Amino acid sequence: MRDRRPSLLPVWLLLAALAACAPAGARSTTNTAAPAALSGAADEGWSVPSLPPLQPVAPAEYARRRAALAAQMQDGVLVVWGAPEPEADYLTFAQSPPLRYLTGIAEPGAALVVAKTGADVRARLFVRPRSPAREVWEGARLGAEAAQARTGIAARDVGTLAVVVDSLLPSGGTLYTLWAGAPDAHGGSAGVLSREAQLAGGLARRAGARLAPLDAALLRLRALKSPAERDRIRRAAYITALAQRAALRAWQPGMNEFEVQGLVEYVFRRHGAERPSFATIIGSGPNSTTLHYQANNRFSQPDEVVVMDVGASYDGYAADVTRTVPVSGRFSPEQRAVYEIVLAAQKAAESQARPGASWAQLQRAAARTIAEGLARLGLIDSPTATYACAEAGGVCPQYRLFFMHGLGHGIGLDVHDPDAAIGFGAPFAVGSAFTIEPGIYVRADVLEHLPDTPENRALAQRLRPAVERYRTIGVRIEDDYFITEGGVERISAGAPREPDEVEALMRQATPLAAERRPEVVEWYRGVAPR
């Protein structure tokens, strides 16, 4: 048994202690809590709803997905590549969503081939061969035999893929591919052919075939989530709520953003999530007004808010939950004023979500609420006021100076996943999984970048006192939702969003106060900011 004395706790055990929850009490800012708090009781405010052990996605469901995609093909051959092996065996791996969606295979270097001739549709799976020499370094590989047993798809060595495609694809035939014109997740960028496009191009040239993308058809299939998919998203959201609660209890003035990033990601892995579903965002003070801030290396100050935009990936499926909290544990009047507008906007959009509703209805409700709130604070002239902007048409709503992003997005295998209502203009239906995430961001220099016109100069002069009052306050509130037969379910409700609830949770004691080593964290002040 390892030595459990507090002064000798190893890092992993210290991290484990951070998720433990002591009884409610005064919020400590000193290193005086008793070591016994390391075995403290659970968070009293919320319990994870009971769920049975996760069940595998049935091979029959994967088969239905492949059949539905094949129905969108004419005669031809579809090749779906999985993510390649990492460049080094000590780097992390994440499977490409298309291959995972169609097969459930989660190991590197795999590919799926679907050949269609009339009513005859046949799938073949290609995987790396068993290799004892490599498996010593990388872990066990499935191999063709085990892959076929697991998926029910005829499987072969991936080294034979090109030869098999040649035999299936007649000269002048159609080679279907996915993401052929899109940047990929493995180094592709705009104007550069993705890995998949290069591989598809090589196969097509070998066979004298023409390329045809099947991206839109697959995205439409993924736009409504099955019960098995929703189960995984739900578990990801519950784990993310646990991480948000741990983060709320941990914040102390002077803490660095990376401390809470480490805690959040520890809670994810501790509870079975394989990784964050996107780069964790912990933005304090001025960083709270940067939408996709990722450096997470600033020391927080007592009079600031911090935006925590985080999400767990559970069995491949993403959650995405954002909370904004006061570093001091108590909102200032200005912080609370902005926060309550954003919360009201989220609730206004939420009230419109139901089967048959459109995404535009939610957008209008949120935008109207934010515009009215900004006008009350004096940050814009009126809810319908405009200004001269550089965008097409030259006139933009003033509220977009402070709420400049979309209201939300689908969630699933990708954190920004397709959704029928959001991406394709269809009405909401059971199976929609999405976020609602309004925000207000009062950047200190917001008025300095307006196009230089007499009207804008006058506007800046009118708005400057309010901007000074609310400067560097950024607030975003984001939750995850399912459309149900009866309306909508907020599956991330375990993370508190009412301002009084946020403050109450932040007052609870946490083992971090006892075991945090501020003198070590302070070393980082000597590191040049990135």
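Residues numbered from 1 in each chain as written. Predicted model: local features only at pLDDT ≥ 70, side-chain atom pairs only at ≥ 80, totals over all residues. Heavy atoms only, no water.

1. Observations regarding the packing of aromatic side chains
Here's step 1: Using the criterion set out here, one finds seven aromatic pairs in the structure.
Here's step 2: Seen from their ring centres, W359 and F428 are 6.2 Å apart, and the 75° between their planes marks the pair as edge-to-face. Of the two residues, W359 sits in helix α12 (residues 359–377) while F428 sits in the loop between α13 (420–423) and β15 (433–436), which places them 69 residues apart along the sequence. Both residues of the pair, W359 and F428, count as buried.
Here's step 3: Seen in terms of ring centroids, F434 and Y481 are 5.6 Å apart; in terms of plane orientation they differ by 20°. Their pairing is stacked. Pair noted here: F434 is in strand β15 and Y481 is in strand β18 (residues 479–484), with a separation of 47 residues, a long-range link.
Here's step 4: Members of the aromatic cluster, connected to one another through ring pairs, are W359, F428, F434 and Y481.
Here's step 5: In this arrangement the basic side chain of R65 is found over the ring face of Y101, its NZ or CZ atom lying 4.3 Å from the centre.
Here's step 6: A cation over an aromatic ring shows up here: R525 above the ring of F299, its NZ or CZ 3.8 Å from the ring centre. (Phe/Tyr/Trp six-rings, centres within 6.5 Å; stacked < 30°, edge-to-face > 60°. Helix = DSSP H or I, 4+ residues; strand = E, 2+ residues; numbered from the N terminus. Buried < 20%, exposed > 50% of the residue type's maximum accessible area, 1.4 Å probe, protein only. Lys NZ or Arg CZ within 6 Å of the ring centre and 35° of its normal.)

2. A look at the pairing of strand β9 (residues 305–310)
Here's step 1: Burial runs high along β9: six of the six residues are buried.
Here's step 2: Side chains of β9 alternate between two faces, with V305, V307 and D309 and V306, M308 and V310 buried alike.
Here's step 3: Across four bridges, strand β8 (residues 281–284) lies against β9 in antiparallel orientation. Considered in β9, the bridge of I281 is made with D309.
Here's step 4: The pairing of β9 with strand β12 (residues 321–326) spans six bridges and is antiparallel. Looking at β12, one finds that V306 is bridged to V325. (Pairing = 2+ DSSP bridges.)

3. Focus: the packing of helix α6 (residues 161–168) against helix α7 (residues 195–207)
Here's step 1: With their axes 10 Å apart at the nearest point, α6 and α7 run at an angle of 45° to one another. By the angle between their directions, the pair α6 and α7 is classed as oblique. In the packing of α6 onto α7, the handedness of the crossing is right-handed. Across the interface between the two elements, L161, A162, V163, V165 and D166 from α6 touch L203, R206 and A207 from α7.
Here's step 2: Considered class by class, the residues forming the contact of α6 with α7 number six nonpolar, no polar and two charged. (Axes fitted to C-alpha atoms, helices over the stretch in contact; angles between N-to-C directions. Parallel < 35°, antiparallel > 145°, perpendicular 65-115°, else oblique. Left-handed = near helix turned anticlockwise from the far one by under 90°. Contact = heavy atoms within 4.5 Å. Nonpolar A, V, L, I, M, F, W, Y, C, P; charged D, E, K, R; others polar.)

4. Topic: the packing of helix α11 (residues 333–350) against α12
Here's step 1: At a closest axis distance of 7 Å, the pairing of α11 and α12 adopts a crossing angle of 160°. For the element pair α11 / α12, the angle class is roughly antiparallel. Here the hand of the crossing between α11 and α12 comes out right-handed. Counting all contacts with α11, which are made through A337, V338, I341, A344, A345, A348 and A349, the residues of α12 involved are L362, A365, A366, T369, I370, G373, L374, R376 and L377.
Here's step 2: Residue composition of the contact of α11 with α12, grouped by class: 13 nonpolar, two polar and one charged.

5. A short note on the state of the cysteines
Here's step 1: Going through the model one piece at a time under the given rule, you end up with one disulfide.
Here's step 2: In this model, C389 is linked to C396 through a disulfide, with the two sulfur atoms separated by 2.0 Å. Across the S-S bond linking C389 and C396, the dihedral sits near 70°, which makes this disulfide right-handed.
Here's step 3: According to the relative accessible area criterion, C396 is buried, its value standing at 4%. (Disulfide = S-S within 2.5 Å.)

6. What about the environment of E229?
Here's step 1: Positionally, E229 belongs in helix α9 (residues 227–250).
Here's step 2: The spacing of E229 and A433 is 204 residues in sequence and 9.6 Å in space, taken between C-alpha atoms.
Here's step 3: Leave out the neighbours within four places in its chain, and E229 touches R65, Y101, L224 and Y317.

7. Looking at the sheet that holds β15
Here's step 1: Taken together, the three strands give an open sheet; going across it, the order is β15-β18-β19, and neighbouring strands pair in antiparallel fashion. Of all the strands in the sheet, the pair left with one neighbour each is β15 and β19 (487–490). For this sheet the average axis-to-axis angle between neighbouring strands, irrespective of direction, equals 40°.
Here's step 2: Looking at chain direction, β15 and β18 are connected through four bridges and run antiparallel. In the sheet register, I436 faces β18, and the bridge partner there is D479.
Here's step 3: Relative to the sheet, α9 contacts β15, β18 and β19, its axis offset from that of β18 by approximately 150°.

8. Let's talk about the sheet that holds β8
As a general point, the strands of a sheet are linked pairwise by backbone hydrogen bonds and lie either parallel or antiparallel.
Here's step 1: The antiparallel open sheet is built from three strands, whose spatial order is β8-β9-β12. Looking at the sheet topology across the chains shown, the edges are occupied by β8 and β12. If you compare each strand with its neighbour and ignore which way they point, the axes differ by 10° on average.

9. Details of the side chain of T324
Here's step 1: Considering the arrangement of structural elements, one finds T324 in strand β12.
Here's step 2: On the accessibility criterion, T324 (0% relative accessible area) is buried.
Here's step 3: A polar side-chain atom of T324 sits 2.8 Å from the main-chain carbonyl oxygen of R476.
Here's step 4: Among residues more than four places away in sequence, those in contact with T324 are V305, V306, V307, F331, Y339, G474, V475 and R476. (Polar contact = N/O pair within 3.5 Å; in protein donor to acceptor, adjacent residues only side chain to side chain.)

10. Description of the pattern of salt bridges
Here's step 1: A complete count under the given rule lists 34 salt bridges for this structure.
Here's step 2: A salt bridge links R232 to D315, with the shortest nitrogen-to-oxygen separation between them at 2.6 Å. Of this pair, R232 sits in helix α9 while D315 sits in the loop between β10 (312–314) and β11 (317–318), and the two are 83 residues apart along the sequence.
Here's step 3: D315 gets classed as partly exposed once you look at its relative accessible area, which sits at 31%.
Here's step 4: Between E515 and R517 there is a salt bridge, with its nearest N and O atoms 3.5 Å apart. (Salt bridge = Lys/Arg side-chain N within 4 Å of Asp/Glu carboxyl O.)

11. Describing α6
Here's step 1: Looking at α6, one finds that the buried residues are L161, V164 and V165. Taken down its axis, α6 places every buried residue within 100° of arc, on the same side. Seen from the buried face of α6, the exposed residues on the opposite side, beyond 90 degrees, are V163 and S167. (Arc of directions from axis to C-beta.)

12. Some remarks on the confidence of the model for the protein
Here's step 1: On average, residues of the protein score 88 in pLDDT, and 88% of them reach the 70 mark or higher.
Here's step 2: Segment residues 1–41 is flagged for pLDDT under 50; beyond a separation of four residues in sequence, or across chains, it makes 68 contacts in the model. (pLDDT = per-residue confidence, 0-100.)

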